[in-house]
Number of protein chains: 2
Amino acid sequence: MNHLVIMAGGVGSRFWPMSRPENPKQFIDVLGVGRTLIQLTVDRFGKEFAPENIWVVTSAKYADKVKAQLPEVPSANILLEPCMRNTAPCIAYVTWKIKQIDPEATLVISPADHFVVNTEEFRRVINAGVNFVKGTSNILTLGMFPTRPDTGYGYIQAGDKEGQSEVCQVRAFKEKPQLEVAKQYLSEGNYYWNAGLFIWDAATAEASLREFEPETSALFDKMSESFGKENERAVIDELFPQCKSISIDYAVMERMSGKTMTMNGKDAGVYVMPSDFGWSDLGTWGSLYTQLDKDEHGNAVVGKQNVCIIESNDCIVRASDNVKMVLQGLDGYIVAEDNNTILVCKKEEEQRIKQFSESFK
Amino acid sequence: MNHLVIMAGGVGSRFWPMSRPENPKQFIDVLGVGRTLIQLTVDRFGKEFAPENIWVVTSAKYADKVKAQLPEVPSANILLEPCMRNTAPCIAYVTWKIKQIDPEATLVISPADHFVVNTEEFRRVINAGVNFVKGTSNILTLGMFPTRPDTGYGYIQAGDKEGQSEVCQVRAFKEKPQLEVAKQYLSEGNYYWNAGLFIWDAATAEASLREFEPETSALFDKMSESFGKENERAVIDELFPQCKSISIDYAVMERMSGKTMTMNGKDAGVYVMPSDFGWSDLGTWGSLYTQLDKDEHGNAVVGKQNVCIIESNDCIVRASDNVKMVLQGLDGYIVAEDNNTILVCKKEEEQRIKQFSESFK
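Here goes a summary of the coordinates provided.

About the criteria used
- Residues numbered from 1 in each chain as written.
- Chains lettered and ligands numbered in written order.
- Predicted model: local features only at pLDDT ≥ 70, side-chain atom pairs only at ≥ 80, totals over all residues.
- Heavy atoms only, no water.
- Least-squares fit on C-alpha atoms with pLDDT ≥ 70 in both.
- Contact = heavy atoms within 4.5 Å.
- Buried area = accessible area lost by both parts, 1.4 Å probe.
- Salt bridge = Lys/Arg side-chain N within 4 Å of Asp/Glu carboxyl O.
- Helix = DSSP H or I, 4+ residues; strand = E, 2+ residues; numbered from the N terminus.
- Pairing = 2+ DSSP bridges.
- Axes fitted to C-alpha atoms, helices over the stretch in contact; angles between N-to-C directions.
- Expected span 1.5 Å × (residues − 1).
- Buried < 20%, exposed > 50% of the residue type's maximum accessible area, 1.4 Å probe, protein only.
- Arc of directions from axis to C-beta.
- Polar contact = N/O pair within 3.5 Å; in protein donor to acceptor, adjacent residues only side chain to side chain.

**Brief notes about the relation of the copies chain B and chain A**
Here two copies of a chain appear, and what relates them is a rotation about an axis with a shift along it.
Step number 1: Between chain B and chain A, which share one sequence, the superposing operator has a rotation angle of 180 degrees and an axial displacement of 0.2 Å; the RMSD is 0.1 Å. Overall, the copies show the geometry of a two-fold rotation axis. Relative to the rotation axis, the closest C-alpha in chain B is found at Asn340(B), a distance of 3.9 Å.
Step number 2: Looking at the interface residues of chain B, 100% of them are also at the interface in chain A, so both copies use one shared face.

Below you can see the structure in the form of structure tokens.
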């Protein structure tokens, strides 16, 4: 069976004050369309996954939000992390869960808070990807066609094409580059943004974690004895925090890329499928701005708020439903209100928003 | 006896969103000093007036606010207007009230929402003014030394000095002038801002209203039959709205200025006492800005709020106690929040704030 795994444990600190640790952006209707980002994420996959095959891994403190926003997902499929340990323990948790139920499972792993324009193409890519990995020991990442030399993303360097398919071998994963390096990547043409979307069989996930993160794997062997039992919550709370905090990219993808390995008796490689379905990680106000409708002066308002914009240009504005706002004479600002916290700053300073948010600590 | 009359019926629309019809600025701690403007107004007069000689005329809807903020003022001294009819009916109401109790009364009339820096000099001027009018039929206005060619105030043109006193005859009242005219006034040196502060005997107030506003006076003759009786509220609600809406300046002061009249058998003139006690009507954000402490970048924050100001200059900022604000990269802006309404606008556009406030109507 195919399983969808949504990683929803982030805190979205660059979207302050709209996104905050107590209500991060995956649980917010950031685009003002009536659905939160995690709801849009599930919507995007359409009917490809039965509700019992949809899994959400999130922080324990967001359990109620996930249940409220995704009522179709069974409670048992909402896995709660007692603390943040990056994505490798998160993937291990859901892998150990699913392999008990469905050892043949194929896992599609997706962040909860990204945005895709062309969902039809998205589904086509996901289906092609699932078909590519199913029954193999390969790992397939989706690589986003880069549209600008962005220094905020990691890049995937593609190697040779895999036969007649649209899939390429991964030569290397590259960390967030300096601007000059990013420009070089774009001019070379075989670099893609790493969107954190990847597909592999549960058996591959398990085997690679056992290979590269044996301690975390041993902890999950212990934890899995409690799965479905009364003491599951207590065991997770005790042992999960002992996992090493490391991303799945560092732990597995990078260690396997550009190499020939054997896993579960089959060739295991890391591949990338160049994907062009209009993607944004909505990682900052600026990336949200590019996704929103603008008025004739380039101002974008999140949602249908009581916002009156006068003699202003190129602003992005967000206010709670119960808030009224009059803005006059602002060029290129972010103006955002949430829950009695107000931010006004220049758009070009958005990288400092996390720092701004710490002004009151 | 000397009576203090505080006119507190204004709506402070230019201070939106801090000041609003449901909570206008006289009831707000605009300066962040722990006292509202109406409290500061009473404080300013010190012990000169016994509580039973302090009167507040306000809109019926502000009755609870006045009682809460000025608990020392007897309830019977809080006069409630069922609707706004400008200052002449307001003065008539309190005059007809006081003359029943104290026909020899001298009335000091003061707005509720102004600010004075030097209260010692203020009290000296008030005392001198009371002494000047007591037992006469003269009207004394206080004229503020103008410090700039402000086009937002009416001006009082002074004539000859009255003997050895610091008081001058009033030659004319001038409406809010154009800038060129205001500059001319300043260069001539005998023009003062009309602050709406004036002193006269109750008998003079009554006689002049009977002379110039006979219809309003007749209405108050009727209304006064109910004063102190059970039906007072009902009678006021019925008859007060029939009063002509006119300011006391138009109704009386302007008609008497520059003339020689007799009232109650005595010479009656309009005089001005040039006054220099550091005055502001706090009529706009800009006039408040000049009264507040600034940080080294010229930013003024009303009160001790959670406001973090970064790379900004010459801003005036106000937020509710429970609101946090981060501002970055703003030069010369008003940023004000109150009760889920937020205004960001350039300081030089403050005259348009009333219009901005109507954006949501």
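**Focus on the interface of chain B and chain A**
Step number 1: Residue-level contacts link 29 residues of chain B with 29 residues of chain A.
Step number 2: Each partner contributes to the roughly 2,500 Å² buried at the junction of chain B and chain A, and carbon and sulfur atoms together form 59% of this total.
Step number 3: At the surface where chain B touches chain A, the tally comes to two salt bridges.
Step number 4: Notably, a salt bridge pairs Glu311(A) with Arg352(B), separated by 2.8 Å at the nearest N-O pair.
Step number 5: At the level of secondary structure, the elements contributing two or more residues to the side of chain B that touches chain A comprise β15 (306–310), β17 (324–328), β18 (333–338) and β19 (341–346) of chain B.
Step number 6: Ranked by residue count, the leading element in the side of chain B that touches chain A is β19(B), at six residues.

**Focus on the sheet that holds strand β17 (residues 324–328) of chain A**
Step number 1: As summarised here, the arrangement of the six strands in space is β15(A)-β17(A)-β19(B)-β18(B)-β16(B)-β14(B), forming an open sheet in which the pairing is mixed. The open sheet has two edge strands with one neighbour each: β15 (306–310) of chain A together with β14 (300–302) of chain B. Direction aside, neighbouring strands of the sheet carry axes that sit 10 degrees apart on average.
Step number 2: Across five bridges, the pairing between β15(A) and β17(A) is parallel. The residue of β17(A) that forms the bridge with Asn306(A) is Lys324(A).

**Some points on helix α4 (residues 119–133) of chain A**
All names here are of chain A.
Step number 1: Helix length check: α4 (15 residues) gives 21 Å between terminal C-alpha atoms against 21 Å at 1.5 Å per residue, within 8%.
Step number 2: Within the sequence span of α4, burial applies to Phe-122, Val-125, Ile-126, Gly-129, Val-130, Phe-132 and Val-133. Relative to the axis of α4, the buried residues are bounded by an arc of 155 degrees and lie together on one face. Within α4, the exposed residues directed more than 90 degrees away from the buried face are Glu-120 and Asn-131.
Step number 3: The N-cap of α4, judged by a side-chain oxygen 3.2 Å from the amide nitrogen of Glu-120 a few residues on, is Asn-118.
Step number 4: Of the residues one or two after α4, Gly-135 is the one with positive phi, at around 80 degrees.

**Things to note about the pairing of strand β9 (residues 191–201) of chain A**
It is a general feature of regular strands that their side chains alternate between the two faces of the sheet.
Residues and elements named next belong to chain A.
Step number 1: Across the eleven residues that make up β9, a large majority, eleven, are buried.
Step number 2: As judged from the four bridges shared by strand β4 (residues 106–111) and β9, these two strands associate in the antiparallel manner. What sits directly across from Val-108, in β9, is Ile-199.
Step number 3: Here four bridges tie strand β6 (residues 139–144) to β9, and the two strands are oriented antiparallel to one another. Residue pairing across strands places Thr-141 opposite Phe-198, the latter belonging to β9.

**Some words on the side chain of Gln69(A)**
Step number 1: With respect to the element layout, Gln69(A) can be found in helix α2 (residues 63–69).
Step number 2: With residues up to four places along the chain from it excluded, the contact list for Gln69(A) reads Gln26(A), Phe27(A), Thr36(A), Ile38(A) and Gln39(A).

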